[in-house]
Amino acid sequence: MKIKLSATFEGKCSICGKKSVVFSAGDEDTHKTVTVCKSCADDFGSKPTAEIIEEYGKKDDKAFEEGLRVEKKGTAS
């Protein structure tokens, strides 16, 4: 299992349904993702992210499409 995490953003928690600052975690193999708020993340304590994705995640192929790529060019003079 290879897990990817997003930066935080304003959204809706997949677990409690509240709108707040959240992050998403996804499994590259199954393409399941879950969006979690700070409160729910705190409630899970040391529960592995993989278990949270398996229990609450939903399949989302779009989340794993290649997005914007930022590359460093030469330095300005």
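Residues numbered from 1 in each chain as written. Predicted model: local features only at pLDDT ≥ 70, side-chain atom pairs only at ≥ 80, totals over all residues. Heavy atoms only, no water.

**Points about the pairing of strand β3 (residues 19-27)**
Going by this rule: In this analysis, strands are considered paired if DSSP registers two or more bridges between them. Helix numbering and strand numbering both begin at the N terminus, where a helix is a DSSP run of H or I of at least 4 residues and a strand a DSSP run of E of at least 2.
Both strand β1 (residues 3-5) and β3 contribute to a ladder of three bridges, which runs antiparallel. Along β3, the bridge assignment pairs Lys 4 with Gly 26. Bridge analysis of strand β2 (residues 9-12) against β3 gives four bridges, and the strand direction is antiparallel. Paired with Gly 11 across the two strands is Ser 20, which belongs to β3. Counting the residues between successive antiparallel strands, the hairpin from β2 to β3 contains six residues, one of them, Gly 17, with a positive phi of roughly 85°. Remark: four residues form the turn of the hairpin made by β3 and strand β4 (residues 32-37), two consecutive strands paired antiparallel; His 31 in that turn has positive phi of roughly 60°.

**Describing the layout of surface pockets**
Rule in force here: Of the two site types, the cavity is a set of points on a 1 Å grid over the protein atoms alone where a 1.4 Å probe fits but cannot get out, and the pocket is an open set with protein on both sides within 12 Å along at least five of seven lines, each lined by residues with an atom within 4 Å of a point. Grid points are joined across faces, edges and corners, and a volume is the space filled by probe spheres set on the points.
Approximately 190 Å³ is the volume found for the largest pocket. Forming the walls of the largest pocket are Lys 4, Leu 5, Ser 6, Ser 24, Ala 25, Gly 26, Thr 33, Ala 63, Phe 64 and Glu 65. Elements that contribute at least two residues to the lining of the largest pocket include exactly β1 and β3. Looking at the lining of the largest pocket element by element, the count peaks at three residues for β3.

**Observations regarding unusual backbone geometry**
Put simply, the rule is: A 1.4 Å probe rolled over the protein chains alone gives each residue an accessible area, and that area as a share of the maximum for its type sets the label: buried under 20%, exposed over 50%, partly exposed in between.
Unlike most non-glycine residues, His 31 shows phi in positive territory, near 60°. Of note, His 31 is situated in the loop between β3 and β4. For His 31, a relative accessible area of 22% corresponds to the partly exposed category.

**Digging into the pattern of salt bridges**
In plain terms, the rule: Here a salt bridge means any side-chain nitrogen of Lys or Arg lying within 4 Å of a carboxyl oxygen belonging to Asp or Glu.
Here the structure, examined in full by the defined rule, presents six salt bridges. Here the residues in one salt-bridge network are Lys 2, Lys 4 and Glu 28, joined through shared partners.

**Remarks on the state of the cysteines**
Just so we agree on the cut-off: Disulfides are defined as pairs of cysteine sulfur atoms found within 2.5 Å of each other.
The tally for this structure, following the rule as stated, stands at zero disulfides. Cys 40 supplies the cysteine sulfur nearest to Cys 13, a cysteine that is in no disulfide, at a spacing of 3.8 Å. Looking at Cys 13, the relative accessible area reads 2%, which means it is buried.

**Topic: the environment of Cys 16**
We count it as follows: Here, two residues are considered to be in contact whenever any of their heavy atoms come within 4.5 Å of each other.
By secondary structure assignment, the location of Cys 16 is in the loop between β2 and β3. Remark: the alpha-carbon pair of Cys 16 and Ile 52, spanning 36 residues in sequence, is separated by 13 Å. Other than its neighbours up to four places away in sequence, Cys 16 contacts Cys 37 and Cys 40.

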